[in-house]
2 protein chains.
Amino acid sequence: MAIVVDAMGAEGGVDVSVTGAVNALAHIKDDLTLVGDRHRIEAALGAHRGVFDRSRVTIIHTDDTVSMTDKPRDSLRKRDSSLAVAMRLVRNDDQSAFVSAANTGATLAHAMFTLGRMPGVDRPCIAVTIPTPTGHLLVSDAGANVNCRPAHLVQFALMTETFFSNLHGSDSPRVAVISNGEEDVKGNDLTRQTAQSLRQIKSMNFQGYIEGRRLMMGDADVAICDGFVGNIVLKTIEGAAGTLAHMTREALQSRWTYKLGGMIIKNALKLKSRVDYSEYGGAPLLGVTQAVFICHGSSNSKAIMNAVVRASRFVELDVTKQIQQRLDECPIDPLW
Amino acid sequence: MAIVVDAMGAEGGVDVSVTGAVNALAHIKDDLTLVGDRHRIEAALGAHRGVFDRSRVTIIHTDDTVSMTDKPRDSLRKRDSSLAVAMRLVRNDDQSAFVSAANTGATLAHAMFTLGRMPGVDRPCIAVTIPTPTGHLLVSDAGANVNCRPAHLVQFALMTETFFSNLHGSDSPRVAVISNGEEDVKGNDLTRQTAQSLRQIKSMNFQGYIEGRRLMMGDADVAICDGFVGNIVLKTIEGAAGTLAHMTREALQSRWTYKLGGMIIKNALKLKSRVDYSEYGGAPLLGVTQAVFICHGSSNSKAIMNAVVRASRFVELDVTKQIQQRLDECPIDPLW
């Protein structure tokens, strides 16, 4: 039982991945396998000597890495990269999980190629967590599938709902489809057929449409969309938070009283970090045969730590099996 | 020459529309025609007695109104509503413009029915302004057309670019297509074909794709998308601003020093109003034969005033004719 971490993935360097993974050891029972350049991993581990049980960490050396600019298809040819080697280690131990802050497209390609899809799943999806004033919302698909059919969105809903139930301990998460308005007459061809199909799944707490305005209000637990819309929604939130923080900083420079007030409340104003989903520790790739967590390339060690902890919980609760059962329970009409 | 205002439209009541329209008189040469319940309009005008030239304002009485809950198709049957009467007044005077904070769907239906599309336009679009740290961005289509073909998006780009040039005095506005990433390989079927078509228009300053993160950074002037995505982007920004403001308020309550700081900078923190597009005074419906400006139902009088001023500029600069010329110059391949 091990959480396998591609130590070469994060933009911040090997230190970020290694520190995050090592800090997670206090919160998990699994051991760690760190894959990548042995010297750099050893050096990064050195900084934490004495604070963790070295016998719980295995290093697997690789010379090659997948870079952020490698195209997914090209990355598959890098059979000895840390990403490829780590993914094979996961395949060979069904109690293991994969965590990385590497190139998302490449991770997706390697997961599909090495682990493969679960039976009955057409398209795996990425479920990204965003904060709401009262909890969390999972947006799924966050970008793995750009052109989707309704049957794909129905699968995203079933898989993400199951993940939410397990990881957040909720019996019947509120599922909604992202649309351009809340009434049934709204939506496009894709969302209308999806909503109609989800309504037929009696065991789902389906809430109909949710519009952009309400996404962050805590009115749903799982928001379903195609990966094109999901990517735009998540990046728009990230961009809006950044721009608003920038505008606030500028406004705070406009009067000396504002400058004073701004100094006092500096920490309360960290808007961007509040919607920075990397803080939530990686997004699961749902629908592949094993646990795969993808972190933002710009993840810090806290994000990696959280991802490792979530990956461990994912394996412990056997979420993959739960997802399989949920899909078997609700067979999807291929005509959808 | 008159700006025709459906005085019954705004959720805030007749006062809001009348106050906004009357305050615009100082900034425009046109006269005003206010359509709706004469008694309520007279009463609202009473509050401004002496501060405007009463001879520049005509009241046209109607008994009926279109409500926010009327479906667009049903609203067309209300031939004597303030919306229908106002739209007919606009049709009968080609130097006039329509402004309303009524039901957007109904306004769109009446504009299509009474004024009609410009020759060669398949689908009129709504262009909504959002603020950036350095200026403005127009998002188009903001919600008029949910299922679109590439040819529609190309028309949105040409029309919105022309509007931007005229109203913001820019020679070659930067046009981009909203997508899930900036590289050419990103996008869905719709955006790829649209980008390919726009690249063929040599006279356009086309920048390729723009992702959600950069929308509010001031890197583009015109961002093109279908109305489904446009609605979601705009409402997500609105919702994110509201939620972030809420979270900031909560954070400011968590320590007494924060409370103190918060009191000092209260006005600098009005995040929501900074992305409240109603502040920008109405969105043009581009592609119909005359000037139509649609305001948010929850508009305040400032938004109505700005819309009336923009509508007047639109007529003065003959933007409708400019759009027609731009479309004629760049014929659109029907296969797109």
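Structure shown above.
What counts as what
- Residues numbered from 1 in each chain as written.
- Chains lettered and ligands numbered in written order.
- Predicted model: local features only at pLDDT ≥ 70, side-chain atom pairs only at ≥ 80, totals over all residues.
- Heavy atoms only, no water.
- Core = buried A, V, L, I, M, F, W, Y, C linked by side-chain atoms within 4.5 Å.
- Buried < 20%, exposed > 50% of the residue type's maximum accessible area, 1.4 Å probe, protein only.
- Contact = heavy atoms within 4.5 Å.
- Axes fitted to C-alpha atoms, helices over the stretch in contact; angles between N-to-C directions.
- Helix = DSSP H or I, 4+ residues; strand = E, 2+ residues; numbered from the N terminus.
- Parallel < 35°, antiparallel > 145°, perpendicular 65-115°, else oblique.
- Left-handed = near helix turned anticlockwise from the far one by under 90°.
- Nonpolar A, V, L, I, M, F, W, Y, C, P; charged D, E, K, R; others polar.
- Phe/Tyr/Trp six-rings, centres within 6.5 Å; stacked < 30°, edge-to-face > 60°.
- Pairing = 2+ DSSP bridges.
- Expected span 1.5 Å × (residues − 1).
- Right-handed = clockwise from strand over helix to strand, strands pointing away.

Colleague: Explain the nonpolar core to me, using residue names and the numbers behind them.
Modeller: By size, the foremost hydrophobic cluster in this structure holds 82 residues, and its most contacted members are A:Ile178, A:Val229, A:Val292, B:Ile178, B:Val229 and B:Val292. Setting aside residues no more than four positions away along its own chain, B:Ile178 makes contact with A:Phe228, A:Ile232, B:Val139, B:Thr191, B:Ile210, B:Leu215, B:Ala223, B:Ile224, B:Cys225 and B:Val229.

Colleague: Any chance you could break down the packing of helix α1 (residues 14-24) of chain B against helix α11 (residues 301-316) of chain B for me, citing the residues and the numbers?
Modeller: Residues and elements named next belong to chain B. α11 packs onto α1 with a crossing angle of 45 degrees between their chain directions and a minimal axis gap of 7 Å. The angle between α1 and α11 places the two elements in the oblique class. The crossing of α1 and α11 is right-handed. Packed against α1, whose contacting residues are Val16, Ser17, Thr19, Gly20, Ala21, Asn23 and Ala24, the element α11 presents Ser301, Ile304, Met305, Val308 and Val309 at the interface. In terms of residue class, the contact of α1 with α11 is made up of 7 nonpolar, 5 polar and no charged.

Colleague: Kindly report on the packing of aromatic side chains, identifying the contributing residues and their values.
Modeller: Residues and elements named next belong to chain A. Taken as a whole and assessed by the stated rule, the structure comprises 6 aromatic pairs over all chains. Considering the side-chain rings of Phe163 and Phe314, the 5.9 Å spacing of their centres and the 40 degrees angle between planes classify their relative orientation as tilted. Of this pair, Phe163 sits in helix α6 (residues 150-168) while Phe314 sits in helix α11 (residues 301-316), and the two are 151 residues apart along the sequence. Each of the two residues, Phe163 as well as Phe314, counts as buried. On the basis of an interplanar angle of 90 degrees and a centroid distance of 5.6 Å, the ring pair of Phe293 and Phe314 is categorised as edge-to-face. Placement of the pair is Phe293 in strand β11 (residues 291-294) and Phe314 in helix α11, with a sequence separation of 21 residues. Every member of this aromatic cluster is reached through a ring pair, and the members are Phe163, Phe293 and Phe314.

Colleague: So, the sheet that holds strand β3 (residues 57-61) of chain A: which residues are in play, and what are the values?
Modeller: Taken in spatial order, the 11 strands make up an open sheet running β3-β2-β1-β4-β11-β10-β5-β6-β9-β7-β8 (chain A), and their pairing is mixed. At either margin of the open sheet sits one strand with a lone partner, and together these are β3 and β8 (205-211) of chain A. When the angles between neighbouring strand axes are averaged without regard to direction, this sheet yields 25 degrees. Relative to strand β4 (residues 97-100) of chain A, strand β1 (residues 2-6) of chain A runs parallel, the two sharing 4 bridges. Following the sheet pairing, A:Val5 is matched in β4(A) by A:Val99. Each of β5 (125-132), β7 (174-179) and β8 of chain A is contacted by helix α8 (residues 227-252) of chain B, which is oriented at about 125 degrees to β7(A), the strand it contacts most.

Colleague: Give me the packing of α1(B) against helix α2 (residues 38-46) of chain B: which residues, what numbers.
Modeller: Residues and elements named next belong to chain B. Running from amino to carboxyl end, α1 crosses α2 at an angle of 55 degrees, the nearest separation of the two axes being 9 Å. Between α1 and α2, the angle falls in the class oblique. As α1 runs across α2, the sense of the crossing is right-handed. Of the residues in α2, those in contact with Val14, Asp15, Val18 and Val22 of α1 are Arg40, Ile41, Ala44 and Leu45.

Colleague: Account for unusual backbone geometry, naming residues and giving values.
Modeller: Residues and elements named next belong to chain A. Cis peptide bonds are those with omega within 30 degrees of zero, and the linkage from Ser140 to Asp141 qualifies with 5 degrees. Positive phi is not limited to glycine here, since Asp318 has a value of about 50 degrees. Tracing the backbone through its elements, the reader meets Asp318 in the loop between α11 and α12 (319-329).

Colleague: Help me get a handle on the side chain of B:Thr33, residues and values and all.
Modeller: With respect to the element layout, B:Thr33 can be found in strand β2 (residues 31-36). With near-sequence residues (within four places) excluded, B:Thr33 lies in contact with B:Ala2, B:Ile3, B:Val4, B:Val5, B:Thr58, B:Ile60 and B:Leu89.

Colleague: Quick one: what's the story with α11(A), residue by residue and with numbers?
Modeller: All names here are of chain A. Relative to the 22 Å expected for 16 residues at 1.5 Å per residue, α11 spans 22 Å between its end C-alpha atoms, a close match to the ideal helical length. Looking at α11, one finds that the buried residues are Ala303, Ile304, Met305, Ala307, Val308, Arg310, Ala311, Ser312, Phe314 and Val315. Where α11 terminates, the next one or two residues include Asp318, which has phi positive at roughly 50 degrees.

Colleague: Which residues make up the pairing of β1(A), and what are the values?
Modeller: Residue and element names in this part refer to chain A. Among the 5 residues in β1, 5 count as buried, and that is most of the element. Of the two faces of β1, the one lined by Ala2, Val4 and Asp6 and the one lined by Ile3 and Val5 are each fully buried. Pairing geometry for β1 and strand β2 (residues 31-36), over 5 bridges, is parallel. In the sheet register, Ala2 faces β2, and the bridge partner there is Asp31. The parallel pair β1 and β2 is bridged by helix α1 (residues 14-24), and the resulting crossover is right-handed.

What is shown is where atoms sit, not what they do.
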